[in-house]
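Fold and contact review
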Amino acid sequence: MMKMTLPQPAAAPHISTATHILRCVHCGTVQSEPDRMFRCVKCSELLEVVYPEWSEAGPNFGLRLKEIWRERRTSTLPEDTSGVWRFRELLPQLERRHLVTMSEGNTPLVQLKQSARGLGIPKLLVKHQGLNPTGSFKDTGISAAISVARSEGFTTVCCASTGNTSASVAAYAARAGMKSIVLLPSGYVASGKLAQALEYGARVLQLRTDFDGCLKVLHEVVRKLPIYLLNSLNPYRLEGQKTVAFELMEQLDWRVPDHVIVPGGNLANSSALGKGFLELRELGMIRVLPRISIIQAKGANPLVRSMRENNGTELVQVNADTRATAIRIGNPASWRKAVSVLKTSGGACEDVTENEIASAKAELGAEGIGCEPASAATLAGLKKLVLSGFVKPEETVVLVLTGHMLKDVDYIIQSQVKRLPSPMEPDITAVLRVVEQINAEK
Ligand code: F0G
């Protein structure tokens, strides 16, 4: 088994390390023996990680954290160069030998120009989570949860996935010297993601069903065999993913944006983002929350329907279908958590058509920002939110782009093929003529 070799820590600034508990998000029961499916032993709802000791943290705790996190930026230790573990005071405490990290996080915040002008929103930014080690935001969550798996002695990890989780699980398991088993909906995973899972050595099972069907099967497998579930039902995933809020706030010099917009599939990412901001507020590190809005594809919009039809009290399941395969999910596990984020942050929930996603994606691409279709749903959603007046011109907006453009190149080739001229002879005059025309274009 491969061991991570980490340099020994220098006398790192130390601050109290909090223990955590797992608590049900619905009935509040604290779990003494957590179920392997990470479901409440009483009511079967999802669990969340809570740090009871924070309530005793003094008013200077938050201030001190900001300093410590800033100081770590000059450190070369793996746990400090990680955009997850750099924030370890607000994460479950693990021994450093169990950390599985590849400098995840640390993603750029980029200002959009053309779209900003087009929409009349000058302060429009993208946080590009697609620039993580395996090309999606999943890496932050997988680094956290697989490190917990390792500390608990598991040697095999598994997930059901629309593709990105499987790529990330495969890579991090390989780093940790663990076996990984991934269940994928046959025919509905973008080829870049499938290729990654294979290359990183995962055992890939393609099931003739959708994501929701894969997850259902995996539940039964995990109940029977000692393998560790890395789907976002696992509350430790969200602990890793919430760090995007911390990193974003550092990048914005702790000025809270008015809006953060994320795509929604299984709804863990929006939940994690909300948890991160809420914790910062609880610790006095920010005063207000941004409005966190969630955008779904029209063909896979269970949250949008639930909010519209019953204000989020019950989940309206749908038969999902969208070319944004990452979010092709009809029965999202974390819907309750996402509803709570929408309500506490005052965010909106919208759905966008396939055409709206495709043109938003091309628009981002045209200003040099590549992303996968699910990520582009955020810009498509923003357009609707600007039109409805929910987002105002003077406000600061951050779109979270969740996946790398090269994850799904088939989608791009299909949408952009009309811009690709037929092959031509290597004839200088003919090429000159075309170049001249292009040059003369406005
Ligand atoms: N964007 C991308 C690129 C994704 O891969 C996913 C989810 C989402 C958005 C939605 O995030 O599920 O937390 O609401 N992908 C999962 C997977 C389901 O298996 O890779 P969510």
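Below or above, wherever it landed, is the structure these notes cover. (Residues numbered from 1 in each chain as written. Predicted model: local features only at pLDDT ≥ 70, side-chain atom pairs only at ≥ 80, totals over all residues. Heavy atoms only, no water.)

**Concerning the site of the ligand**
- Surrounding the ligand, one finds 21 residues, the nearest of these being Ser 161, Gly 265, Asn 266, Leu 267 and Thr 402.
- In the model, an oxygen atom of the ligand is placed 2.7 Å from a nitrogen or oxygen of the Ser 161 side chain.
- A distance of 2.8 Å is found between an oxygen atom of the ligand and a backbone nitrogen or oxygen belonging to Thr 162.
- Protein burial of the ligand: of its 480 Å² of free accessible surface, 99% is covered by the chains.
- Mapped by element, the contributors of at least two residues to the shell around the ligand are helix H5 (164–176) and helix H10 (268–282).
- Looking at the shell around the ligand residue by residue, the class counts come to 8 nonpolar, 11 polar and 2 charged. (Near = heavy atom within 4 Å. Polar contact = N/O pair within 3.5 Å; in protein donor to acceptor, adjacent residues only side chain to side chain. Areas by Shrake-Rupley, 256 points an atom, 1.4 Å probe, with all protein chains shown as cover. Helix = DSSP H or I, 4+ residues; strand = E, 2+ residues; numbered from the N terminus. Nonpolar A, V, L, I, M, F, W, Y, C, P; charged D, E, K, R; others polar.)

**So, the packing of H10 against helix H12 (residues 335–345)**
- With their axes 8 Å apart at the nearest point, H10 and H12 run at an angle of 45 degrees to one another. Accordingly, the angle class assigned to the pair H10 and H12 is oblique. Considering the relative orientation of H10 and H12, their crossing is left-handed. Together, Ser 270, Ser 271, Gly 274 and Leu 278 of H10 and Lys 337, Ala 338, Val 341 and Thr 344 of H12 make up the contact between the two elements. (Axes fitted to C-alpha atoms, helices over the stretch in contact; angles between N-to-C directions. Parallel < 35°, antiparallel > 145°, perpendicular 65-115°, else oblique. Left-handed = near helix turned anticlockwise from the far one by under 90°. Contact = heavy atoms within 4.5 Å.)

**Some points on the side chain of Asn 301**
- Checked against the element boundaries, Asn 301 lands in the loop between strand S10 (291–297) and helix H11 (302–310).
- A residue is classified by how much of its surface remains accessible, and Asn 301, at 9% relative accessible area, is buried.
- Here the side chain of Asn 301 touches Asp 351 through a polar contact of 2.9 Å, side chain to side chain.
- The contact partners of Asn 301, leaving out residues within four places of it in the chain, are Gln 296, Val 318 and Asp 351. (Buried < 20%, exposed > 50% of the residue type's maximum accessible area, 1.4 Å probe, protein only.)

**Quick word on H12**
- Along H12, the positions that sit buried rather than exposed are Trp 335, Lys 337, Ala 338, Val 339, Val 341, Leu 342 and Ser 345.
- Looking at the buried positions of H12, the neighbouring elements they touch are strand S2 (47–50), helix H8 (235–241), H10, S10, H11 and strand S11 (349–352).
- Just downstream of H12 lies Gly 346, where phi reads positive at about 75 degrees.

**With respect to the sheet that holds strand S9 (residues 259–263)**
- With mixed pairing, 6 strands are arranged side by side in an open sheet as S3-S4-S12-S9-S10-S11. Strand pairing shows two members of the sheet lacking a second neighbour, strand S3 (109–111) and S11, which therefore form its edges. With strand direction ignored, the average angle separating the axes of adjacent strands in the sheet is 25 degrees.
- By the bridge criterion, 3 bridges tie S9 to strand S12 (residues 397–401) in an arrangement that is parallel. (Pairing = 2+ DSSP bridges.)

**Remarks on empty space enclosed by the protein**
- This structure, assessed with the given rule, holds 3 cavities of 30 Å³ or more.
- Empty space within the largest cavity amounts to approximately 300 Å³.
- For the largest cavity, the lining is made up of 26 residues, of which Phe 137, Lys 138, Gly 265, Asn 266 and Ala 326 are closest to its centre.
- Looking at the lining of the largest cavity, the elements with two or more residues in it are H5 and H10.
- When residues in the lining of the largest cavity are grouped by element, the largest group, 3 residues, is from H10.
- Of the residues belonging to the lining of the largest cavity, the class tally is 10 nonpolar, 13 polar and 3 charged.
- Of the pockets and cavities examined, the second largest cavity occupies roughly 50 Å³.
- Counted by class, the lining of the second largest cavity contains 5 nonpolar, 4 polar and no charged residues. (1 Å grid on protein atoms, 1.4 Å probe; cavity = no way out; pocket = protein on both sides within 12 Å on 5 of 7 lines; lining within 4 Å. Points joined across faces, edges and corners; volume = space filled by probe spheres on them.)

**Let's talk about H10**
- Taking 1.5 Å per residue, 15 residues should reach 21 Å; H10 reaches 21 Å between its end C-alpha atoms and fits that length.
- Counting buried residues in H10 gives 12 out of 15 residues, a clear majority hidden from the surface.
- Along H10, the residues classified as buried are Ala 268, Asn 269, Ser 270, Ser 271, Ala 272, Leu 273, Gly 274, Lys 275, Gly 276, Phe 277, Glu 279 and Leu 280.
- Packed against the buried residues of H10 are S2, H8, helix H9 (243–251), S9, S10 and H12.
- Downstream of H10 by one or two residues, Gly 284 has phi in the positive range, about 75 degrees. (Expected span 1.5 Å × (residues − 1).)

**Some details on the pattern of salt bridges**
- Within this structure, the stated rule accounts for 23 salt bridges.
- Glu 250 is paired through a salt bridge with Arg 73; the nearest N and O atoms lie 2.8 Å apart. Here Glu 250, found in helix H9, pairs with Arg 73, found in the loop between helix H1 (60–72) and helix H2 (78–81); they are 177 residues apart in sequence, far enough to count as distant.
- Across the pair Lys 242 and Glu 279 runs a salt bridge whose closest N-O atoms are separated by 2.7 Å. With Lys 242 in the loop between H8 and H9 and Glu 279 in helix H10, this pair connects stretches of sequence that are 37 residues apart. Of the two residues, Lys 242 and Glu 279, neither departs from the other in class, the shared state being buried.
- The network of salt bridges with shared partners includes Lys 298, Arg 308, Glu 350, Asp 351 and Lys 384. (Salt bridge = Lys/Arg side-chain N within 4 Å of Asp/Glu carboxyl O.)

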